[in-house]
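Here are the chains, one letter per residue:
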Amino acid sequence: MQFHWHMPANAALHGAALDGQMRLNLAIFAALCVLAQALLVAGILLRRGPQPLGHKRWRLEYVPIAAFTALFFALAWHSERLWAAMRYGGADPAAMQVEAIGMQFAWYFRYPGKDAAFGSTNLRLVAPGEGNPAGIDPADERGRDDFVRSALVLPAGREVDLRLRALDVIHGFSIPALRIKQNALPGQVFHIHFTPSIPGEYSILCTQVCGLGHYRMQAVVRVLPAAEFDTWVREQRP
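Thresholds, definitions, all that
- Residues numbered from 1 in each chain as written.
- Predicted model: local features only at pLDDT ≥ 70, side-chain atom pairs only at ≥ 80, totals over all residues.
- Heavy atoms only, no water.
- UniProt positions renumbered as here; feature names shortened; annotations may be inferred.
- Helix = DSSP H or I, 4+ residues; strand = E, 2+ residues; numbered from the N terminus.
- Phe/Tyr/Trp six-rings, centres within 6.5 Å; stacked < 30°, edge-to-face > 60°.
- Buried < 20%, exposed > 50% of the residue type's maximum accessible area, 1.4 Å probe, protein only.
- Core = buried A, V, L, I, M, F, W, Y, C linked by side-chain atoms within 4.5 Å.
- Contact = heavy atoms within 4.5 Å.
- Pairing = 2+ DSSP bridges.
- Axes fitted to C-alpha atoms, helices over the stretch in contact; angles between N-to-C directions.
- Salt bridge = Lys/Arg side-chain N within 4 Å of Asp/Glu carboxyl O.

(A) Quick peek at the UniProt feature "domain: Cytochrome oxidase subunit II copper A binding" (unreviewed entry) in the protein chain. As annotated by UniProt and renumbered to match this structure, "domain: Cytochrome oxidase subunit II copper A binding" (unreviewed entry) occupies residues 93–235. As annotated, residues 93–235 comprises 7% helix and 39% strand, and the C-alpha atoms at either end are separated by 25 Å.

In structure tokens form, the structure reads like this:
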């Protein structure tokens, strides 16, 4: 097993900002750790008898606490903005639509047809063994041209609006190379929008322990150049 101390290669446009925030956090925490140890050593070496702090208390205690509090709030504020930008900012109207569906112990991915609209689904119609793992309602005309695959295929350089839902228990949808991680909860639909930037094949994982078969709940995302993706879509449509 090969150990990588660094983060996996980034293959999404938003990944550089997240990586920068992660490196900033690690650098600050490393510096604070070194500072804390240095102060402990200095306190031991320069140990003196108890002396009243008096008016120096605010400078020795309150100022550092206020500075650390402001620093942590600034880091949390910036991290929250990066997190929210993928979820609450709203995708471009021209973004590609795709749905990820988690169920014990597999991922499925649904694409809309030429009408660019998903058909309605029904949990009672979910039947992976019969070719309907998403539970698409055949009575809804919008869903008749939807197609479902076990691998996620995306175009490079185009924004993707991904719908995420779970059919049974909580699953964790994670693509480390695309810097994506979002829980999928039964009965709820989440949206994440992002732009894959580098063609390649990357792993999709489940990051929530969802049952005895959790370890094998994996899939693959293939990011293709735009022309190859268009060809793939034409070949898949019924």
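(B) Representation of the packing of aromatic side chains within the structure. Applying the stated criterion across every chain yields a total of 7 aromatic pairs. Arranged with centres 5.1 Å apart and planes meeting at 10 degrees, the rings of Tyr111 and Phe147 form a pair that is stacked. Of this pair, Tyr111 sits in strand S2 (residues 106–111) while Phe147 sits in strand S3 (residues 147–149); the two residues are 36 residues apart in sequence, bridging distant segments of the chain. Phe147 matches Tyr111 in its accessibility class, with the two residues each being buried. Measuring from centroid to centroid gives 5.3 Å for Tyr111 and Trp232, while their planes differ by 65 degrees, and the two rings are edge-to-face. Residue Tyr111 is found in strand S2, and its partner Trp232 is found in helix H3 (residues 226–236); the two are separated by 121 residues along the sequence. What makes Tyr111 buried here is its relative accessible area of 3%. Through a chain of ring-to-ring contacts, three or more aromatic side chains come together here, namely Tyr111, Phe147, Phe229 and Trp232.

(C) The arrangement of the nonpolar core in detail. Counting 39 residues, the largest nonpolar core has Leu152 and Phe173 as the members making the most contacts within it. Here Phe173 is in contact with Ala100, Trp107, Phe109, Leu152, Leu162, Leu164, Ile180, Lys181, Gln182, Ile204 and Leu205, once residues within four sequence places are set aside. Counting residues in each nonpolar core, the second largest holds 6 residues, with Ile101, Met103, Val148 and Leu167 among its members.

(D) Quick peek at the sheet that holds strand S1 (residues 96–103). In spatial order, the strands read S3-S2-S1-S5-S8; together these 5 strands make up an open sheet with mixed pairing. Looking at strand neighbours, the two that pair on one side only are S3 and strand S8 (190–194), the edges of this open sheet. Direction aside, neighbouring strands of the sheet carry axes that sit 25 degrees apart on average. Set on the sheet, H3 makes contact with S1, S2 and S3; between it and S3 the angle comes to about 115 degrees.

(E) Highlighting the pattern of salt bridges. Applying the stated criterion across every chain yields a total of 6 salt bridges. For the salt bridge of Arg165 with Glu99, the shortest nitrogen-to-oxygen distance reads 2.9 Å. Of this pair, Arg165 sits in strand S5 (residues 160–166) while Glu99 sits in strand S1, and the two are 66 residues apart along the sequence. The same class applies to Arg165 and to Glu99, which are both buried. Measuring nitrogen to oxygen at the nearest pair gives 2.8 Å for the salt bridge that ties Arg110 to Asp146. Highlighted residues: Arg110 in strand S2 and Asp146 in the loop between S2 and S3, separated in sequence by 36 residues. On the accessibility criterion, Arg110 (0% relative accessible area) is buried. Through salt bridges with shared partners, a single ionic network connects Glu99, Arg110, Asp146, Arg163 and Arg165.

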